[in-house]
Amino acid sequence: MPELPEVETIVNGLRASLIGREIADVTICWEGVIAKGRGHSSPSADWLRQRIRGQRILDIKRRGKYIVFALSGGDSLIFHLKMTGRLLVRLSTAEMDRYVRMVFHLDDSQQLRFADMRKLGRVYLVDDAEAIVGTLGPEPLADDFKLEDFAQILRRRSGRIKPLLLNQRFIAGVGNIYANEILFAAGIHPLRKADTLAPAEVEALYHAIQRVLRQAIAQRGTTFDGAYRDAWGERGQHQESLKVFQREGKPCPRCGTPIARITLGGRGTYFCPRCQK
DNA sequence: CTAAAATCCTGGTGGC
DNA sequence: TGCCACCAGGATTTTA
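Attention in this report is confined to the structure presented alongside it. (Residues numbered from 1 in each chain as written. Chains lettered and ligands numbered in written order. Predicted model: local features only at pLDDT ≥ 70, side-chain atom pairs only at ≥ 80, totals over all residues. Heavy atoms only, no water.)

## A look at the protein's contact with DNA strand B
Note the cut-off: We define proximity as follows: a residue is near a molecule or strand when any one of its heavy atoms falls within 4 Å of that partner. Polar contacts, as used here, are pairs of N or O atoms within 3.5 Å; protein pairs need one atom able to donate a hydrogen and one able to accept it. Residues neighboring in sequence count only if both atoms are side-chain atoms. Residue polarity follows a fixed list, in which Ala, Val, Leu, Ile, Met, Phe, Trp, Tyr, Cys and Pro are nonpolar, Asp, Glu, Lys and Arg are charged, and the others, Gly among them, are polar.
Near DNA strand B you find W30, Y99, M117, R118, K119, L120, R122, R157, S158, G159, R160 and K193, and these make up its full shell. A breakdown of the atoms of DNA strand B within 4 Å of the protein gives sugar and phosphate a share of 85%. R118 places a main-chain nitrogen or oxygen 3.4 Å from a sugar or linking oxygen of DNA strand B. Between DNA strand B and K119 there is a distance of 3.2 Å, counted from a phosphate oxygen to a side-chain nitrogen or oxygen. Its residues assigned to classes, the surface near DNA strand B comprises four nonpolar, two polar and six charged.

If you want it as structure tokens, here you go:
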């Protein structure tokens with residue numbers, strides 16, 4: 001389940017190999033990988049192939065959990081990996097990976113392969129990236145993510161804090177693993193209402209978001225159930241550092257109380273009933 | 001406004 | 001050993 005730290009790690013790997021390359025051709029192994037447009041028809045495989053061939057990769061950036069390629073023709077090629085998606089850079093002679101849905105043939109004997117066991121991930125080719133990523137909330141690791149702005153948004157929210165952390169319009173890039181870990185690091189109970197957090201709690205949450213995400217990036221992300229891989233197919237290391245996620249019944253690393261699990265918004269929610277108030 | 005449920009998917013798991 | 005129901009969850013859409 002690639003979240004911000006995993007996507008950041010993947011993008012850094014992609015940049016190292018793909019900037020400046022031309023997309024010579026595309027093979028679409030499963031047409032459903034192409035995202036549907038708003039309401040009506042989704043672009044066809046033929047349309048996408050004709051449009052993308054010959055365009056050069058100028059830049060690759062992360063926005064939330066999206067991966068955005070800026071192409072020389074002015075288009076943006078955008079990926080969302082959802083649960084099990086992988087973007088893999090391979091030599092074209094390398095054995096094909098499992099569950100590959102789309103292959104980008106590059107001008108230097110490399111391939112970019114989009115693999116996705118569960119078929120939830122999608123590819124977009126658009127002339128304006130904002131049409132896809134424009135509704136996302138602030139980037140929590142950007143310089144312009146300020147405590148005062150964060151506090152003001154929280155004050156206007158009456159819902160529970162954990163589903164709010166997962167809302168991409170509120171903050172971009174936090175998923176279920178890190179929402180659990182962030183709330184533990186901040187000592188805040190997942191059922192707390194956002195507008196009841198005291199100023200000191202808001203500040204603790206603000207710093208926990210950045211600290212937890214930065215540490216996970218330093219460890220190249222979390223590989224759980226073997227799902228996430230970086231651009232070379234390698235695992236992350238942060239699963240060794242998880243404090244509460246999928247640790248129901250195991251002792252809290254701070255106080256020893258067994259970690260509790262509830263379902264909240266349909267998601268597994270893990271916390272220490274003693275440390276998180 | 002919040003919140004829950006349904007939707008898309010398939011490998012792994014637990015029950016019988 | 002085999003079959004099957006069910007679970008996991010990111011984001012969107014629908015329903016209450």
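Alright, that's what it looks like, and here's the rest.
## Here's the deal with the pattern of salt bridges
The criterion, for reference: Within this document, salt bridges are pairs made up of a side-chain nitrogen of Lys or Arg and a carboxyl oxygen of Asp or Glu, the two lying within 4 Å of each other. Secondary structure elements follow DSSP: runs of H or I of four or more residues count as helices, runs of E of two or more count as strands, with numbering from the N terminus. Only protein chains enter the accessibility calculation, which uses a 1.4 Å probe. A residue is then buried if its area is under 20% of the maximum for its type, exposed if over 50%, and partly exposed in between.
According to the stated counting rule, one finds 15 salt bridges in the structure shown. Linking D107 and R21 is a salt bridge whose minimum nitrogen-to-oxygen distance equals 2.7 Å. With D107 in the loop between β6 (100-106) and β7 (110-116) and R21 in the loop between α1 (4-18) and β1 (23-28), the pair connects residues that are 86 residues apart, well separated along the chain. Since its relative accessible area comes to 37%, D107 is described here as partly exposed. Residue E139 pairs with R62 through a salt bridge whose shortest N-O separation is 2.9 Å. Of the two residues, E139 is situated in the loop between α3 (130-133) and α4 (147-155) and R62 in strand β2 (residues 57-63); the sequence distance between them amounts to 77 residues. On the basis of relative accessibility, which here comes to 13%, the residue E139 falls in the buried class. One salt-bridge network, in which partners are shared between bridges, spans R21, E22, R56, D107 and D108.

## Digging into unusual backbone geometry
In this model, K119 sits at a positive phi of 60°, which is unusual for a non-glycine residue. When you line up the elements, K119 lands in the loop between β7 and β8 (122-126). Among the residues examined, K119 registers a relative accessible area of 32% and is labelled partly exposed. Positive phi values are uncommon outside glycine, yet Q246 reaches one of about 55°. Residue placement: Q246 occurs in the loop between α7 (199-218) and β9 (260-264).

## Quick word on the side chain of T222
The condition is simple: In this description, contact between two residues means that some pair of their heavy atoms is separated by no more than 4.5 Å.
Topologically, T222 is positioned in the loop between α7 and β9. According to the relative accessible area criterion, T222 is buried, its value standing at 2%. At 2.7 Å, the side chain of T222 and the side chain of Y178 are in polar contact. Not counting residues within four places of it along the chain, the set of residues in contact with T222 comprises E6, I177, Y178, Y228, H238, Q239 and L242.

## Looking at the sheet that holds β1
Keep this limit in mind: By the convention used here, strands pair only if DSSP detects at least 2 bridges between them. Throughout, an axis means a line fitted to C-alpha atoms (over the contacting stretch in the case of helices), and angles, computed between N-to-C directions, take values from 0 to 180 degrees.
An order of β1-β6-β7-β5 is seen for the four strands of this open sheet, with the pairing classed as antiparallel. Looking along the sheet, the strands with just one partner apiece sit at the ends: β1 and β5 (85-91). Strand-to-strand, the axes of this sheet are offset by a mean angle of 20°, without reference to chain direction. Alignment of β1 against β6, held across five bridges, turns out to be antiparallel. Paired with D25 across the strands is H105, a residue of β6. Where α1 meets the sheet, its contacts fall on β5, β6 and β7, and the angle it forms with β5 comes to roughly 25°. Relative to β1, helix α2 (residues 45-52) is tilted by about 170°, and along the sheet it contacts β1 and β6.

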